[in-house]
Every structure is written in C-alpha cells, then in structure tokens.
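As a plain string of letters, each chain reads:
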Amino acid sequence: MGWSRADIPDLSGKVAVVTGANGGLGLETADALAAKGAHVLMAIRDQDKAAAAVDRIRAATPGARLDLVPLDLASLASVREAADRIAALTGSVDLLVNNAGVMAMPERRTADGFEMQLGVNHLGHWALTAHLMPLLLAAPAARVVSVTSTAHHMGRVIDPRNPHLHGRYEPWRAYGQSKLANYHFALGLQREFERVGVAAQSLMAHPGLTNTDLQSRTVREGGGGAAGSAAHWVTARAGMAPADGALPQLRAATDPWARGGELYGPRWINTGPPVRLPLFRPGADGAIAILWQVSERETGVPLRVTA
C-alpha cells in the first residue's frame, strides 16, 4: 500500500498557508490539511474561485478552519499585503506550501517588470517566504514545501545578467528556468535552516503528470505551442487526478519521517504513489548562490534566517 491521505497525522493546532488554494493541487492540499484539523490560510488571487473552494472544503469538513488571504504573486505589493494579513491572523505558521504557478505562457511581465513565470513561480514565493520567516521560525518545527516539476531537468541556471530572458524568451525555457529555481530555492533554504541551527525544514515535491487546469490554461493562452497541446492531450488521457497529484506535496508537508532537503514525487516519474526521490543536478552550490543574489536584487527582499 502506498502513502495516502489516511497517513496524514492529526494537525489540530497547526497553521498552514497554501498558495493557489482555489483549484487543482492547491485545493486538494488545502482540503486534506483542513480535514486533518489544520487551520488553513488559503492564499488566492481569484477571489471568485476562492468562495467556491471554501464551499467545497466545508461541504466535506463542516468544521474546517479556513481563512481567505488575497494574494497575487505577480505583485510584490500584494505579496507584502498578504504576509501582513497572515501575521494579523496568526502568530506562527507551521506549514507553508508554495504551490501556485503558471506554465509555458506567452511572454508577459509582472507588475514589477519580472518575466511572468519566474515572477510568479519563484520570485513571488521567495518574497512571501521571506516575509513569513518570523512566523515560520516562531513555530516549533515549521516546514516549507516548494512545488517544482520534472521540467526542472530542462531548466538552466538563471543568468544574473538576464534573469528575465529579454530577447531570449521561449515559453518552455522560461518554465524550466522557474522550476529549477524552485528546486534550488528549496535546497538553499534547507541549508540556511541547517546553518543557523533552527528546527524548520525545507522540502520539495513534484506532482508528475496530473490533470489540472495548468495544462488547459497553457493551451488556451497559446504559449506552449505544439508541445503544450501534446502535454494537454496526454495529461487529459493518462494524467493522475488532482487528489493523487497532490499527495507528494502533502507527504513532504506532513509525513513525520520526511526530512529537510528531500524531494517527493510519483514512484514512476510521472505517475504512482508518492515516494522520496533521489536528487540530481550536481553543481547546486553555485546555482544556489546565484539564485540568492538574483532573488534579493530583483525583489529587494532579503531572506534572513535567524536563531
């Protein structure tokens, strides 16, 4: 028997923040955490979809403790406001699941001028994690889960001279870069936790081939080309249901035996029960150093871990 939602321990008294909790993997994650007793702060951009997500969770778990937090990861001002809202709701955060993301879209810029995929998938989450660090360190043993993708294998380390791919933009190149940034961010954050000697841990997960709105949105917006259409076709026919695709990030967030720096994903690369996976991509030291340099420079938000 593989790991399932039934293996999530009791989370009563825990506070969880889930980005992109209005649909897909984020909604399944918020639903599972709430069902186990966590107070879930649903950080969502689309407030119309947010209400429907809350209704769905409360239909399954009538006593669910939920709060909505408006969050647009494409705006550093919105990220700051979301962090302030979370701080007003709680004095500590036990689980932060950096789940929200976009994939292979046409070239666009965030409110702060960042390439959209890097801005939403990484830089927005970088700033949110940095702002929430005091709340994470106030918890007995917080976990930060970064959701990456098998596409990180096709990503390249960020070029500090051109992180937003001016003149070099290609939808899948930008997506791979952002997902590799998620990977290196998780590893780098774990190193920071270990360096300072705090109990917090940083883990990562990928959902494999999961049939969510991510693929269909890519096709609707015309950014993924033939590869996007092919991925949508395959995912619609062979992809896992969102409830199954969310299991790797749920395991990373809640399994008592999981440890910082680990990666969880489907057993058979893109499908199957959630298991701990080996780490690849040598040369992470230099990549992490570049990521920290670029992320702090671009956002103006330093990420500080203190004892």
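Residues numbered from 1 in each chain as written. Predicted model: local features only at pLDDT ≥ 70, side-chain atom pairs only at ≥ 80, totals over all residues. Heavy atoms only, no water.

**As for the pairing of strand β3 (residues 65-70)**
Side chains on a regular strand alternate between the two faces of the sheet. Note the following rule: Two strands make a pair as long as DSSP finds a minimum of two bridges between them. Segments assigned H or I by DSSP are reported as helices when at least four residues long, segments assigned E as strands when at least two residues long, and all are numbered from the N terminus.
In this sheet, β3 lies alongside strand β2 (residues 39-44) in parallel orientation, the contact comprising six bridges. Note on β3: the bridge partner recorded for Ile44 is Pro70.

**Quick notes on the packing of aromatic side chains**
Here a ring pair, both rings aromatic, is described through the centre-centre distance and the interplanar angle of the planes. Formally: Stacked, tilted and edge-to-face are the three classes assigned to paired rings of Phe, Tyr and Trp, where Trp is represented by its six-membered ring and a pair needs centres within 6.5 Å; plane angles under 30 degrees give stacked, over 60 edge-to-face, the rest tilted. With a 1.4 Å probe rolled over the protein chains alone, any residue whose accessible area is under 20% of its type maximum counts as buried; one over 50% counts as exposed, and the rest are partly exposed.
Enumeration over the complete set of coordinates arrives at four aromatic pairs. Both rings, one in Trp126 and one in Trp292, keep their centres 5.0 Å apart while their planes meet at 85 degrees; by these two values the pair is edge-to-face. Taken together, the residues Trp126 in helix α4 (residues 116-138) and Trp292 in helix α10 (residues 284-299) connect sequence positions 166 residues apart. For the pair Trp126 and Trp292, one class covers both residues: buried. Ring geometry for Trp172 versus Tyr175: centroids 6.0 Å apart, planes at 85 degrees, classification edge-to-face. Linking Trp172 with Tyr175, this pair stays in helix α5 (residues 171-196), spanning three residues, or about one helical turn. The buried category is assigned to Tyr175, whose relative accessible area is 6%.

**What to know about the side chain of Thr19**
Note the cut-off: In what follows, residue pairs with any heavy atoms lying within 4.5 Å of each other are defined as contacts.
Mapped onto the elements of the fold, Thr19 is located in strand β1 (residues 15-19). When residues no more than four places from it in sequence are discounted, the contact partners of Thr19 are Gly26, Ala43, Leu71, Val97, Asn98, Asn99, Ala100, His125 and Leu128.

**Topic: the sheet that holds strand β6 (residues 201-205)**
So the rule is basically this: Axis geometry follows a simple rule: fit a line to the C-alpha atoms, using only the stretch in contact for helices, then measure angles between N-to-C directions, giving values from 0 to 180 degrees.
Overall, mixed pairing links the eight strands, which are arranged β3-β2-β1-β4-β5-β6-β7-β8 in an open sheet. The strands lining the two open edges of the sheet, one partner per strand, are β3 and β8 (274-277). On average, each strand axis in the sheet is tilted by 20 degrees relative to the strand beside it, whichever way the strands run. Against the sheet, helix α3 (residues 76-89) contacts β1, β2 and β3, and its axis sits at roughly 150 degrees relative to β3. Lying over the sheet, α5 contacts β4 (95-98), β5 (143-147), β6 and β7 (263-266), oriented at roughly 160 degrees with respect to β6.

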